[in-house]
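Notes for the structure review
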Amino acid sequence: MYTPRFAAWRDAFGDRFILRPMIRSELHEGDVVKDFLHTILNGAPFELTGLGTANESPSLEELSVLRELNLAFKKRDLPHGVYHAASAHFSRVLPPPAIGETRTKLRLHRALAEDIVSTYRDDAQKLDAMFFPSGLMSKALEASVEKAVDTPMSTKAEAHFTPDSLRMIRAWSALTAQILTMEPEKWPQHFLGLRRRKLLEDAKAESGA
């Protein structure tokens, strides 16, 4: 429930506390980073270069591969921090879809969406009363039922890949998990280093350095 948390933050920070909705259509230029900068700069103009599109939701097919990867990690009893870092790195290195390729977006099934609305309707209404007089949270919550599908979507890899592809995915997942058992405490820092290096390389390429 968000209302008690944000109400406490508002009590602590007063008018300095600004709550922005994580709803793309309500964000400045539909981007969370641009919305943040637009807000803290009080609408002053700014320019971002070299960032591209970030935080794209993984497709259902990609989620099913990540599920196999994490199942392999759990079999090896890897620390949560290790497989979280490895999964995040995997998501970053996924190539973009090929031209004409379609990927399925994960959607709630109707029964779950209705349960969510029933559970959080009161909290959404209170949040709107405090921060969003237009009823933003309530409208977004109720709209989730309209966007839902009738039956649950499977996140199991066998529902999306051929037996041969599934065999390769599981072999690759098992091999990755085995590699990560070697000095597992060092892997999160390793993946973080790769991320930093990529950001620096992109920044240099953008600046022409």
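The preceding data block contains the structure.
This section reports on the structure supplied with the text.

The next thing to look at is the packing of helix 1 (residues 3–13) against helix 5 (residues 110–131). At a closest axis distance of 9 Å, the pairing of helix 1 and helix 5 adopts a crossing angle of 20°. It follows from the interaxial angle that helix 1 and helix 5 lie roughly parallel. Note on packing geometry: the crossing formed by helix 1 with helix 5 is left-handed. Listed contacts from helix 5 to Thr3, Pro4, Phe6, Ala7 and Arg10 of helix 1 are Asp123, Lys126, Leu127, Met130 and Phe131. For the contact of helix 1 with helix 5, the residue count by class is 6 nonpolar, 1 polar and 3 charged.

Quick look at unusual backbone geometry now. Of note in this structure, Asp77 is not a glycine but carries a positive phi near 55°. Secondary-structure assignment places Asp77 in the loop between helix 3 (60–75) and helix 4 (80–93). One non-glycine residue, Glu183, adopts positive backbone phi at about 50°. Relative to the elements of secondary structure, Glu183 occurs in the loop between helix 7 (163–180) and helix 8 (187–207). On the basis of relative accessible area, Glu183 is assigned to the partly exposed category, the value being 47%.

Another point: helix 2 (residues 32–40). Here helix 2 starts with a cap whose side-chain oxygen sits 2.9 Å from the backbone nitrogen of Val33, and that cap is Asp31. Backbone geometry just downstream of helix 2 places Asn42 in the positive-phi region, at approximately 55°.

Applying the stated rule across the entire model yields 9 aromatic pairs. Consider the rings of Phe131 and Phe132, whose centres lie 6.5 Å apart with planes at 55°: the pair is tilted. Judged by its relative accessible area of 18%, Phe131 falls in the buried class. These aromatic residues form a ring-pair network of at least three members: Tyr2, Phe6, Trp9, Phe17, Phe131 and Phe132. Lying across the ring of Phe131, Arg10 places its NZ or CZ 5.2 Å from the centre.

In a regular helix each residue adds 1.5 Å, so 16 residues correspond to 22 Å; helix 3 covers 23 Å between its end C-alpha atoms and thus fits that length. Where helix 3 is concerned, the buried positions are Leu60, Glu62, Ser64, Val65, Leu66, Glu68, Leu69, Asn70, Ala72 and Phe73. Residues of helix 3 that are buried sit in contact with helix 4 and helix 7. Looking one or two places after helix 3, you find Asp77, whose phi comes out positive at around 55°.

Cut-offs and rules
Residues numbered from 1 in each chain as written. Predicted model: local features only at pLDDT ≥ 70, side-chain atom pairs only at ≥ 80, totals over all residues. Heavy atoms only, no water. Axes fitted to C-alpha atoms, helices over the stretch in contact; angles between N-to-C directions. Helix = DSSP H or I, 4+ residues; strand = E, 2+ residues; numbered from the N terminus. Parallel < 35°, antiparallel > 145°, perpendicular 65-115°, else oblique. Left-handed = near helix turned anticlockwise from the far one by under 90°. Contact = heavy atoms within 4.5 Å. Nonpolar A, V, L, I, M, F, W, Y, C, P; charged D, E, K, R; others polar. Buried < 20%, exposed > 50% of the residue type's maximum accessible area, 1.4 Å probe, protein only. Polar contact = N/O pair within 3.5 Å; in protein donor to acceptor, adjacent residues only side chain to side chain. Phe/Tyr/Trp six-rings, centres within 6.5 Å; stacked < 30°, edge-to-face > 60°. Lys NZ or Arg CZ within 6 Å of the ring centre and 35° of its normal. Expected span 1.5 Å × (residues − 1).

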